[in-house]
Amino acid sequence: MKYPVCENPCVFVVDDDEDDQFLIQHVFIHHSPECRINVITNGVELLEALETAEVLPALVLLDLNMPVMGGLEALALIRKEPKYDSLPIVILTTSNQAVDQQRALELGANGFVTKPLLLKEYNQLILTLRKQWLIGRCIG
């Protein structure tokens, strides 16, 4: 399923799993409808979207394991560009490995979260992300 690309979205969701894409969008619509979401399926698409964005997103949720270019590689390339220094990037992945978390933080991720298993946990996660990164930064 392809989702429309929003003009000047405030959250980029970078994940190749359609179920995760749907779930994240569903929870954002419920808890933070003023935030526009742009779903991207790999690191190459993320780099292209950032390069062509008129306004940078307020937050990037970045999965690690994706085809074409994974999250760690994309993160490393983004953090090499000074124009993205203030861009918040939170890794949202199925991995709970300490080595992945350590590497992501070393590369400049602002956070590392293992994907929740339950909808209730996703709701709490989005509320936390909203409070930490989005309040006042998303315009509907």
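The sections below set out a description of the structure shown in this document. (Residues numbered from 1 in each chain as written. Predicted model: local features only at pLDDT ≥ 70, side-chain atom pairs only at ≥ 80, totals over all residues. Heavy atoms only, no water.)

### Some words on the pattern of salt bridges
Here comes step 1: Enumeration over the complete set of coordinates arrives at 5 salt bridges.
Here comes step 2: In this structure, Lys115 and Asp20 form a salt bridge, with 2.6 Å as the shortest nitrogen-oxygen distance. Here Lys115, found in the loop between strand E5 (111-114) and helix H5 (119-134), pairs with Asp20, found in helix H1 (residues 18-31); they are 95 residues apart in sequence, far enough to count as distant. Considered together, Lys115 and Asp20 belong to a single accessibility category, that of buried residues.
Here comes step 3: Residues Glu51 and Lys83 are paired through a salt bridge, measuring 3.1 Å at the closest nitrogen-oxygen approach. (Salt bridge = Lys/Arg side-chain N within 4 Å of Asp/Glu carboxyl O. Helix = DSSP H or I, 4+ residues; strand = E, 2+ residues; numbered from the N terminus. Buried < 20%, exposed > 50% of the residue type's maximum accessible area, 1.4 Å probe, protein only.)

### Brief notes about a negative patch on the surface
Here comes step 1: There is a patch of like negative charges on the surface, built from Asp16, Asp17, Glu18 and Asp19.
Here comes step 2: Inspection of the secondary structure assignment puts Glu18 in helix H1. (Patch = residues over 30% accessible without salt bridge, like charges linked within 9 Å, V, L, I, M, F, W, Y side chains within 5 Å. Areas by Shrake-Rupley, 256 points an atom, 1.4 Å probe, with all protein chains shown as cover. Lys, Arg positive; Asp, Glu negative; His and termini not counted. Charge placed at Lys NZ, Arg CZ, Asp CG, Glu CD.)

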